[in-house]
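One-letter residues, chain by chain:
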Amino acid sequence: EIPGLLRWDTKQKLEKNQLLYKYKVATNGIIAVNEPSSEEKYLGQFPVSFGAIAPFMADLDTTDGRGNVYYREDSSSDVLQLASDYIKRGFPETTFDPSSVVIVTWKLVAPYQAPGDHALEEKRNTFQAVLASSDSSSYAIFLYPEDSLQFYSTYSKNGDEKIPAMVGFSQASTNYYFWENPGSYNVIANDEESIRNLHKSSNAGKQGVWVFEIGSSSDSIVPAKISNILESLESSEQDQEMTSKPFMSDYGSTEIRQQYVTSSTDSTEEDQHHVTYSVPQLAAEDFLTSYQDVTGTPSTESFYSHQDFPTAKAPPRQFHVQQFPPQQPQVIDVEEFDETGIVFRYHTDIQQTCANNRHQCSVHAICKDYPNGFCCSCIAGYKGNGRQCVAEGSPQRVNGKVKGRIFVGNNPVPVMFENTDLHSYVVMNQGRAYTAISTIPETLGYSLLPLASIGGIIGWMFAVEQQGYKNGFSVTGGEFTRQTEVTFLGNNEKLVIKQKFSGIDEHGHLTISTEMEGRIPEIPSGSSVHIEPYTELYHTSSSVITSSSTREYTVTEPERDGVASTYTGVYQWRQTISFDECLHDDSHYAASATQQLSVDSVFVLYNRDEQILRYAMSNSIGPISDGSADINRNPCYTGTHNCDTNAICRAGSGNRFFCECSIGFRGDGNVCYEVEKTKCQHEREVALGSGGAFFSREIRIGHFIPQCDEHGNYLPTQCHSSTEYCWCVDRDGNEIDGTRSGPGVQPPCLSTAAPPVVIGPSVRPDTVPLPPGTHLLFAQSGKIEHVPLEGNNMKKNGAKALLHIPDKVVIGVAYDCTDKMVYWTDISGPSISRASLHGGEPTTIIKTDLGSPEGIAVDHLGRNIFWTDSQLDRIEVARLDGRQRRILFDTGLVNPRAIVADPMRGNLYWTDWNREAPKIETSYMDGTNRRILVKDDLGLPNGLTFDPYSSMLCWVDAGTKRLECMNPNQLGRRKIVEGIQYPFSVTSYGKNLYYTDWRRDAVVAVDRMNSIEKDNFQPHKRSRLYGITTAFAQCPGGHNYCTVNNGGCTHLCLATPGGRSCRCPDNTVGVDCIERN
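Residues numbered from 1 in each chain as written. Predicted model: local features only at pLDDT ≥ 70, side-chain atom pairs only at ≥ 80, totals over all residues. Heavy atoms only, no water.

Mind showing me how you'd approach unusual backbone geometry here?
Cis rather than trans, the peptide bond between Gly829 and Pro830 has omega equal to -10°. Residue placement: Pro830 occurs in the loop between β50 (821–826) and β51 (831–836). A positive phi angle, close to 55°, is found at Ser1011, a residue other than glycine. Within the secondary structure, Ser1011 is located in the loop between β67 (1002–1007) and β68 (1012–1017). (Helix = DSSP H or I, 4+ residues; strand = E, 2+ residues; numbered from the N terminus.)

Would you mind showing me how to read helix α6 (residues 453–461) here?
Quick reminder: α-helices carry 3.6 residues per turn. Residues three or four places apart thus point the same way. Across the 9 residues of α6, 9 count as buried, placing the element largely inside the fold. All of the buried residues in α6 are Ser453, Ile454, Gly455, Gly456, Ile457, Ile458, Gly459, Trp460 and Met461. (Buried < 20%, exposed > 50% of the residue type's maximum accessible area, 1.4 Å probe, protein only.)

For this particular structure, what's the right way to read the sheet that holds strand β61 (residues 941–947)?
With antiparallel pairing, the 4 strands of this open sheet are ordered in space as β61-β62-β63-β64. The open sheet has two free edges, formed respectively by β61 and β64 (974–978), since each of these has just one partner strand. Strand after strand, the sheet turns through a mean of 20° between neighbouring axes, direction not considered. Summarising the sheet, strand β62 (residues 952–957) and strand β63 (residues 962–966) pair through 5 bridges and their orientation is antiparallel. By the bridge assignment, Asp957 is partnered in β63 with Arg962. (Pairing = 2+ DSSP bridges. Axes fitted to C-alpha atoms, helices over the stretch in contact; angles between N-to-C directions.)

Which parts of the structure should I look at to understand the nonpolar core?
Nonpolar side chains in soluble globular proteins tend to be buried together. Grouped together as the largest cluster of nonpolar side chains are 59 residues, with contacts concentrated most on Leu448, Leu451, Trp460 and Tyr615. Every residue in contact with Trp460, bar those within four places of it in the chain, is listed here: Asn471, Gly472, Thr476, Phe480, Tyr538, Ile545, Ile577, Leu597, Asn619 and Ile621. (Core = buried A, V, L, I, M, F, W, Y, C linked by side-chain atoms within 4.5 Å. Contact = heavy atoms within 4.5 Å.)

Even after reading the chapter, I still don't get the packing of aromatic side chains, so can you show me in this structure?
To describe a pair of aromatic rings, you give the distance between the ring centres and the angle between the ring planes. For the structure shown, the criterion picks out 27 aromatic pairs. Ring geometry for Phe96 against Tyr139: centres 4.6 Å apart, planes inclined by 65°, an arrangement best described as edge-to-face. Placement of Phe96 in the loop between α2 (77–90) and β8 (100–111) and of Tyr139 in strand β10 (residues 138–143) is noted, with a sequence separation of 43 residues between them. Plain terms: the ring middles of Phe142 and Phe212 are 5.5 Å apart, the flat faces sit at 55° to each other, and that makes the pair tilted. With Phe142 in strand β10 and Phe212 in strand β17 (residues 209–215), this residue pair connects regions lying 70 residues apart in the sequence. Note on accessibility: Phe142 and Phe212 belong to one class, buried. Taken together through their ring pairs, the aromatic side chains of Phe56, Trp106, Phe127 and Phe151 make up a single cluster. Taking the ring centre of Phe889 as reference, the NZ or CZ of Arg930 above it sits at 4.8 Å. (Phe/Tyr/Trp six-rings, centres within 6.5 Å; stacked < 30°, edge-to-face > 60°. Lys NZ or Arg CZ within 6 Å of the ring centre and 35° of its normal.)

So what exactly am I meant to see when it comes to the state of the cysteines here?
Disulfide: a covalent bond formed between the sulfur atoms of two cysteine residues. Here the structure, examined in full by the defined rule, presents 14 disulfides. Two residues share a disulfide in this structure: Cys636 and Cys649, whose sulfurs sit 1.9 Å from each other. Its S-S torsion of approximately -80° makes the covalent link between Cys636 and Cys649 left-handed. Of this pair, Cys636 sits in helix α8 (residues 635–638) while Cys649 sits in strand β39 (residues 647–651); the two residues are 13 residues apart in sequence, bridging distant segments of the chain. Each member of the pair, Cys636 as well as Cys649, carries the same accessibility label: buried. (Disulfide = S-S within 2.5 Å.)

Structure below.
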């Protein structure tokens, strides 16, 4: 019995702390509020005869380890607050403050299957129900984490047909003398399609979260009605986003150590379990309960206030760990009423999540949680399986030992050896592996020459990968076992080779142990062996790789009497490779299940003087080919390129390629030199415990681990893996104020680090003259591109780069239609520059006293530029040549970004995506009459545009995922499109709006009149697109009071509606300037 938990009978007033209802948790995805019937009577039926809360009612099977069911009651403040937040999200008007919650989790439960049917054998579901209660009302929350529902119907023991699961509520029926009157009920989902969409949809504005009022003054169930998914952010490799936050790190399972649990079955009631345990009273993030390690020391970190979250400004500190003394046991009755034999069980295994397993990933990998566990994946610039990662294109070394017991020919005495050294060196960008085995006696050495695949396994590991295919290291991370059986045809000799690869050691080298046993044909001393190029098929299936082939080799014996005899030998090769595969991530299935290894330039040699056996070969892996077509012969795949050994060969079309230095090296790719680690790389390795003997590799929950890009710079967005809070950082890793976003929300951070300058021939930073007409100009990091417009359509085949500035990070773009000049902001310098569309070199007009200049606007009538600076938190104005700077605003700004001008009316508009209070503001161009134009229902207002012809102000919001417009002089706003992905900037022309999207790496055209997407343009090189503007063929008609003679001002002329203000620049000492309105 749970005090104050749930008032289901709404006709009875619930008194505080009143002992009320005994609830019963069933494996079949329901919580019964009163005595249930047997499962034969209720499965497949709805409503049921008893009071039931059904987050996923179906015939579920938890026998033989097929999932577990957990529950707990929690009244900690953090848990109550999270429940309250979810409920208030769905019912914004409520003042609900829960006094207690009960959390029930069905974890990895299986469907019941008809005998002989195995279609759903591997499918598992995880979902959760939370019951929250106060003095006056009760609510239920259903949570369905992303990808946690793998089946939607089950067979029933009551019949042969498949029955869809049921989600809903049912009140108990009323029994009269001769009939039964069913109670009221609510069906939320009862077909496969609606069940399938539970984790994608919501009635509370957050994916996978469903909230219902189940006890109040009303007799009925009241669902929340916030239908738009405000935070349905998509997952990607660079952006960590969230659906429903589970009420525990493992979706709510109560992890209680054995010392807290005693369990017994009461023999007086056949179907009832009495579980006695003490519940530690702790404060925790979300609905997390205490995990305790094997030593008995609690290891859960607690997160309370804003300052608890570590940032780069305030380094991570050790979070306070609460101690939980044993409390008096309390008894909770959990009754089982199905025939599976088990209602629930406790276990002491900690849920495998990134939070407690981050140390299992490479320091060069990211960790991602999945419903059933976690997976590691190497970051850009590295290759491997996530647990082991090496720099792409970097040479690799393999060290190990070899032992064997091999019979040679008909010799009855085996050659035995052990502790023999094996060393291999791999030029990864050529896929060429050189392997040497030392101290092999001459009686054996020549006879081992045909077995090049002893070292060939290393060639497979680092074979050159054709697009869409993976070599052995990408699949296994160099952690696997290999068993090979070689059968020599003719005399039927057999040799068994066992090899174990143990990953990367502390010196950065792969380790291998090899054992050989059996009999091989004898090859005479002094002979040479030639092996033709060959191919081999590798078949992958569920952590096992198999291959088999038949090989020929040619033996040339030493000359005798001037004649060297030659013969051909044949053997069959069968091998099995076993490795640990991360099955939670489906992306590993993207690689073909069958791949072809092509081996050429095979070289084998035995040196009798040094007793060294040598193998060398070049390897590439790709699609199955008979070799007849001249395909995949790009120099990158054949190893005939001229890239440095510390470089990556990037294949282009045909025989084209280019060289790119590996991580940790700089140069033009033909020559690469080593560089030192960056501050971010050093801090990351220390945080992950790889900083040498002084740092433990054991990672504590709650530590912040900085994220670096492929060049070692801080990623502009940093996230705490435990709390899921994210924030923006500057180039030194310091947090930028006002950017911290709630769990799972990605702030639109900008990278201030320019890409490294490539040594060697480069493109001159001159503009390419544009043809006549109107164009779109948009920024793509180190360049500005243009797309011509024909009417309202993008002429995509005419798109070209306007300007290459590879050492810059261009953000904002604006256009002066009078002089045909493009202006842009660069946050890597930082600087503000301009260039003529008629051609010529760009000019930097401002390069001092800037922090992070982002948005930029041109007043083509008054001949001024305006810009926002999100680091200095101000808005400035200057003449078009950068002179006469004046600060318009330096208060009330947190993250100012987009800015646009309306020169004819003398107005200025800008956005501020401050996470605490996003807003769109306006003022006159002289800075007077400042006011907030929009502040409600904004998330991350990134882009802003003003159409001079329609007088419409439009913006894109990466938080609400909407494009909206309004007339600044009228009330009301219009949603043009919803559900867009991650917009950054926007511009207008004619009836269309054009915005750049970070997720799609595209310019998207939207018909403003009909509210539909019309077209999109994706540049050839995929990367983030930033600012966009319209380069009008002719300036819009009109003028302002600054158009003629600078408005009579000595310096800055700033237009206002119906007038202008003459203003002096800042720092006007010794300047004869007159200010007047």
